[in-house]
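Each chain is listed here by its residues.
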Number of protein chains: 2
Amino acid sequence: MHHDFFNIISREEFESLLLSFAPTGIEKSSIADAYGLVLGEDILSPEDLPPANRSCMDGYAVNARNAFGATEGNPAYLECCAELRVDEAPDFTLKPGDCAAIPTGGTLPDGADAVVMVEHTHELGSGTIEIRKSSAPGENIMLKGEDTAKGENIYEAGHTVRFQDVGLLAALGIGNVSVHKKPRIGIISTGDELVEIESPSRAGSIRDVNSHTLRCLVSKAGGIPVNYGIVRDEIEKLEATLAKAIAENDIVLLSGGSSVGMRDLTVRAIESMPESKILAHGVAISPGKPTILGKVGSKPVLGLPGQVTSVQVVMLSIVMPFIRHIMGQKDAFACLDRPIRLAELGRNTPSKQGREDYVRVSLKHREGKLPIAHPVYGKSGLLKTLIKADGLMIIPADTEGLYAGDQIQVWLI
Amino acid sequence: MHHDFFNIISREEFESLLLSFAPTGIEKSSIADAYGLVLGEDILSPEDLPPANRSCMDGYAVNARNAFGATEGNPAYLECCAELRVDEAPDFTLKPGDCAAIPTGGTLPDGADAVVMVEHTHELGSGTIEIRKSSAPGENIMLKGEDTAKGENIYEAGHTVRFQDVGLLAALGIGNVSVHKKPRIGIISTGDELVEIESPSRAGSIRDVNSHTLRCLVSKAGGIPVNYGIVRDEIEKLEATLAKAIAENDIVLLSGGSSVGMRDLTVRAIESMPESKILAHGVAISPGKPTILGKVGSKPVLGLPGQVTSVQVVMLSIVMPFIRHIMGQKDAFACLDRPIRLAELGRNTPSKQGREDYVRVSLKHREGKLPIAHPVYGKSGLLKTLIKADGLMIIPADTEGLYAGDQIQVWLI
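With an unreviewed UniProt entry as reference, chain A is termed Molybdopterin molybdenumtransferase, source organism Maridesulfovibrio ferrireducens. You can read under Function (unreviewed entry) in the UniProt record for chain A the words "Catalyzes the insertion of molybdate into adenylated molybdopterin with the concomitant release of AMP." What UniProt states about chain A under its Sequence similarities (unreviewed entry) heading is, verbatim, "Belongs to the MoeA family."

Here it is as structure tokens:
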């Protein structure tokens, strides 16, 4: 069987294929557990928030008309009819000429439409309060429904739950929400040379790095990593492990297979599954070209490059956004949440047109200037290039390279 | 007892006080669990990595001298003496005029110092290989010790374990490392108006938002949140809960206390503990000024502002970096890992000199241009300002504001 090594597609085409896979199903989750997950349905505000007009300040609740034009030199005088507690729902209506002492967060009585800060008042004794500042209706208060109005569509399905959203949901008394299930990601390492990390160092054996880095990156993206250990280069064993991993997970990642033989074995194993299809034999990115995308039934199987550094770059650039997509996130490949630093490129960096280059760079910080980014070169079998890198610089496929002095965006990793 | 409301210090001074607290103790952790934690000791490489010279390519291991000057038109001819397997440690020495077939990752035999890629060779049959390209010593091989040399100091204490570090540690056979313990962060909400989120909506009650957002942000920073629920505004109850939280945690966060009464109560509760001291009554940031820092024995207690939005900004700007410091991270307040986006400010934004402003902004993306950042204004008791914000723009204390059209850095939240 021959698989064309050069039948590779652009990153955009590869992403379109990935986007054809459906997100995970929906389940109820407490808002605490929903943090970082993606909403599976729209959420409407069940009530007005705040439920009544509240004070933003310690001061006096007034009807603004009664303190109209008040100044230091020409104060207004109001009678304090009540000392409201913060947890009190006042059951009276403020009479003309009256005011009520109110703490921050306190509920305004009917008839009051503003709060005068305590700093702008003076207590004259026997209940009379001198008001030294005019206030406009609505001043220093949060209006009923100002945060959210009852029935308002506050979130759309596909929205990732942030800490501030957990706060708003708590404020609305919403303790549980529908979210996409955390996807399970099966991880299989392949290669006759691979040994567990407990094994002693020996020429001819390589400790299994990919299982460990993939586990970290899957967790970071929000998935649940499920390790299937090391599988030797035997088609029967690989098929059996792959079948089990496909049955038990939402996505399966195979790593290893930089050699021609291993790549062919990966492709053969995927093709041996029922209802399987190889969708892509490679993607025009560097490092990461020999990335295979297959489909078994409705599930995606990715054959990642074997080189330790290549597999990490493919995880960051393609697989982690894909996991977010499978978690239900809209526009997951836009990667709007990537941490970016501006930097000045330290040397000319050529790039082959037609492929997107992920150049590892280290950053040297400078006082009062952009940091300098230096490309970190080295063979992709070496771990140290990513160890020394602070981030990645992406050179687009339509560019022949970047120049020393160019202002670049460095994606921190 | 009177506490000066205006006895506030700069953010830099506040940070210096926070830096005086010692990090958590050290414990052994598996490398998987160490991901995101901070190393408690230096790590030396226990061996050479790789342990022997390895091939980066599928091809033929050669002695470069034997293929010197080889080209398409003037190839060299070598005898293939072995077909090496990837998991083989060759026990022979390559003889002059010989080569050995080698897969990616395979170990080179003695006497070989380069690999010619299979694409630049041709098998002539009966063991003779035509070499069509000259190669330099070291070409297409990873040298013994090229990643790390035995005894090399590969990590210093204070380094945060990244995914790529987990990979290098796995490659070196290091399954466990010493890390700073995850700090436990006690969270106490105070206020007579606070009710649990299950409670029905009612004027005069406010559901407890801060416990939920603090839990998320503590986890995000890497700490273990420990909730102590809602404490009413009674000094005895607050003292009892605070004493318990201090005993059980590395840091205690109190939230609530925007009103003068609540602030005084927080200060009194801290001061009532044995060996206690109030280190700061406020910090010159906005929002977040009424942030109290206390010390009980050796442990920090932070009295956060009560306003829901203020407390979230103080968490992001001060408390989360502080948690990283307590986790052992060097230069935690440099916040070098914050996700930043460049943007163009959409309108003039004044700021009071002498305080650092954290202005919430929303980003509007534009094709081929920097996004436009619009300040999101609103009372700090409202949740929606942070809900609508994509990030924060920091206006330094020595600045009177920024102008529409200014290029700004937006810290994504």
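Enquirer: Let's hear about the overall build of chain A: which residues, and what values?
Expert: Across its full length, chain A carries 8 helices and 28 strands. For chain A, the C-alpha radius of gyration of 31 Å lies well beyond 22 Å, the compact-globule estimate for 413 residues. Overall, the C-alpha framework of chain A stretches about 95 × 50 × 40 Å when taken along its three principal axes. Every one of the 413 residues in chain A was classed for burial, and the buried ones make up 56%.

Enquirer: Lay out the interface of chain B and chain A with the relevant residues and their values.
Expert: Each partner contributes residues to the interface: chain B has 80 residues there, and chain A has 80 residues. Buried surface at the junction of chain B and chain A, summed over both partners, amounts to about 6500 Å²; 61% is from carbon and sulfur atoms. Here chain B is connected to chain A by 4 salt bridges. One salt bridge connects A:E146 with B:K379, and the closest N-O pair in it is separated by 3.2 Å. The interface formed by chain B and chain A contains 34 residue pairs in polar contact (both at pLDDT 80 or more). Broken down by element, the side of chain B that touches chain A gets its largest block of residues, 8 residues, from helix α3 (residues 163–171) of chain B. Class assignment for the residues of the side of chain B that touches chain A results in 39 nonpolar, 20 polar and 21 charged.

Enquirer: Residue-level account of the sheet that holds strand β7 (residues 114–117) of chain A, with values.
Expert: Residues and elements named next belong to chain A. The sheet built from 6 strands is open, its strands ordered β7-β4-β6-β5-β9-β8 with mixed pairing. The sheet terminates laterally at β7 and β8 (121–125), the two strands that pair on one side only. Averaged over all pairs of adjacent strands, the angle between their axes in this sheet comes to 40°, without regard to strand direction. Taken together, the 4 bridges between strand β4 (residues 59–62) and β7 define a ladder with antiparallel strand orientation. When the sheet's bridge partners are listed, Y60 is paired in β7 with V116.

Enquirer: So what's going on with the sheet that holds strand β5 (residues 76–83) of chain B? Which residues, and what values?
Expert: Residue and element names in this part refer to chain B. Spatial strand order, β7-β4-β6-β5-β9-β8: 6 strands in an open sheet with mixed pairing. Two strands lie at the open edges of the sheet, namely β7 (114–117) and β8 (121–125), each paired on one side alone. Neighbouring strand axes in the sheet, compared pairwise and without regard to direction, differ in orientation by 40° on average. Two elements, β5 and strand β6 (residues 98–102), share 4 bridges in a ladder whose sense is parallel. Paired with E83 across the strands is A101, a residue of β6.

Enquirer: Tell me what's going on with the packing of helix α1 (residues 11–19) of chain B against helix α7 (residues 308–326) of chain B, and back it up with residues and numbers.
Expert: Residues and elements named next belong to chain B. Between α1 and α7, the shortest axis-to-axis distance is 10 Å and the interhelical angle comes to 30°. For the element pair α1 / α7, the angle class is roughly parallel. Handedness of the crossing formed by α1 with α7: right-handed. Together, R11, F14, L18 and L19 of α1 and I318, F322 and H325 of α7 make up the contact between the two elements.

Enquirer: Tell me about helix α3 (residues 163–171) of chain A, residues and numbers included.
Expert: All names here are of chain A. The buried fraction of α3 amounts to 9 of the 9 residues, a majority that puts the element mostly inside the structure. Those residues of α3 that fall on the buried side of the exposure criterion are F163, Q164, D165, V166, G167, L168, L169, A170 and A171. Taken from the residues just after α3, G173 is the one with a positive phi, measuring 75°.

Enquirer: Outline the state of the cysteines, supporting the account with residue identities and numerical values.
Expert: Summed over the entire model, instances satisfying the criterion amount to 0 disulfides over all chains. Unpaired in terms of disulfides, A:C81 finds its nearest cysteine sulfur in A:C80, a separation of 6.3 Å. In this structure B:C216 is not part of a disulfide, and its nearest cysteine sulfur, from B:C335, lies 19 Å away.

Enquirer: Outline the pattern of salt bridges, supporting the account with residue identities and numerical values.
Expert: Counting across every chain of the model gives 28 salt bridges over all chains. With a closest N to O distance of 3.2 Å, B:D87 and B:R85 form a salt bridge. B:D87 gets classed as partly exposed once you look at its relative accessible area, which sits at 21%. One salt bridge in this structure joins B:R132 and B:E130, with 2.7 Å as the shortest N-O distance. Residue class for B:E130 comes out buried when judged on its relative accessible area of 11%. Salt bridges sharing partners connect three or more residues here, namely A:R11, A:E12, A:E15 and A:E356.

Enquirer: Would you mind going over the packing of aromatic side chains in detail, with residue names and values included?
Expert: Residue and element names in this part refer to chain A. Following the criterion strictly, the structure yields 2 aromatic pairs over all chains and no others. Pairing F21 with F322 gives two aromatic rings, centres 6.0 Å apart and planes at 70°, and the pair type is edge-to-face. Here the residue F21 occupies a position in the loop between α1 (11–19) and β1 (26–30), and F322 occupies one in helix α7 (residues 308–326), the gap between them amounting to 301 residues. Residue class for F21 comes out buried when judged on its relative accessible area of 3%.

Enquirer: Quick rundown of unusual backbone geometry? Include the residues and the values.
Expert: A cis amide bond links A:L49 to the next residue, A:P50, at an omega of -10°. The linkage connecting A:S286 with the following residue, A:P287, adopts the cis geometry, with an omega of -5°. Relative to the helices and strands, A:P287 resides in the loop between β19 (285–286) and β20 (292–296). Phi is positive for A:C335, which is not a glycine, with a value near 50°. In this structure, A:C335 sits in the loop between α7 and β22 (340–345). Residue classification places A:C335 among the buried residues on the basis of a relative accessible area of 9%. Backbone geometry places B:E275, a non-glycine residue, at a positive phi of 50°. Here B:E275 shows up in the loop between α6 (260–271) and β18 (276–280).

Enquirer: Can you break down the side chain of A:S45 residue by residue, with the values?
Expert: Residue and element names in this part refer to chain A. Within the secondary structure, S45 sits in the loop between β2 (43–44) and β3 (54–55). Among the polar contacts listed, one links the side chain of S45 to the backbone oxygen of E47, at a separation of 2.7 Å. A polar contact is formed between the side chain of S45 and the side chain of T148, at a distance of 3.0 Å. Contacts of S45, omitting those with residues within four sequence positions, involve T148, A149, K150, G151, E152, I154 and L172.

Enquirer: Describe in detail the side chain of B:E193, supporting the description with residues and values.
Expert: Note that B:E193 resides in the loop between β13 (184–190) and β14 (194–195). At 6.8 Å, B:R232 is the nearest oppositely charged side chain to B:E193, a buried residue that forms no salt bridge. B:E193 has contacts with A:V86, A:D87, B:G204, B:S205 and B:I206, leaving out every residue within four places of it along the chain.

Enquirer: Can you tell me about the relation of the copies chain B and chain A, naming the residues and giving the values?
Expert: Mapping chain B onto chain A calls for a screw motion: a turn of 180° about the axis and a shift of 0.0 Å along it, with 0.0 Å RMSD after fitting. Expressed as an axis order, the relation between the two copies is that of a two-fold axis. When C-alpha distances to the rotation axis are compared across chain B, the minimum falls at B:P339, with a value of 1.8 Å. A symmetric contact is evident, with 100% of the interface residues of chain B recurring at the interface of chain A.

Rules behind the numbers
Residues numbered from 1 in each chain as written. Chains lettered and ligands numbered in written order. Predicted model: local features only at pLDDT ≥ 70, side-chain atom pairs only at ≥ 80, totals over all residues. Heavy atoms only, no water. UniProt positions renumbered as here; feature names shortened; annotations may be inferred. Helix = DSSP H or I, 4+ residues; strand = E, 2+ residues; numbered from the N terminus. Rg over C-alpha atoms; globule rule 2.2 N^0.38 Å. Buried < 20%, exposed > 50% of the residue type's maximum accessible area, 1.4 Å probe, protein only. Contact = heavy atoms within 4.5 Å. Buried area = accessible area lost by both parts, 1.4 Å probe. Salt bridge = Lys/Arg side-chain N within 4 Å of Asp/Glu carboxyl O. Polar contact = N/O pair within 3.5 Å; in protein donor to acceptor, adjacent residues only side chain to side chain. Nonpolar A, V, L, I, M, F, W, Y, C, P; charged D, E, K, R; others polar. Pairing = 2+ DSSP bridges. Axes fitted to C-alpha atoms, helices over the stretch in contact; angles between N-to-C directions. Parallel < 35°, antiparallel > 145°, perpendicular 65-115°, else oblique. Left-handed = near helix turned anticlockwise from the far one by under 90°. Disulfide = S-S within 2.5 Å. Phe/Tyr/Trp six-rings, centres within 6.5 Å; stacked < 30°, edge-to-face > 60°. Lys, Arg positive; Asp, Glu negative; His and termini not counted. Least-squares fit on C-alpha atoms with pLDDT ≥ 70 in both.

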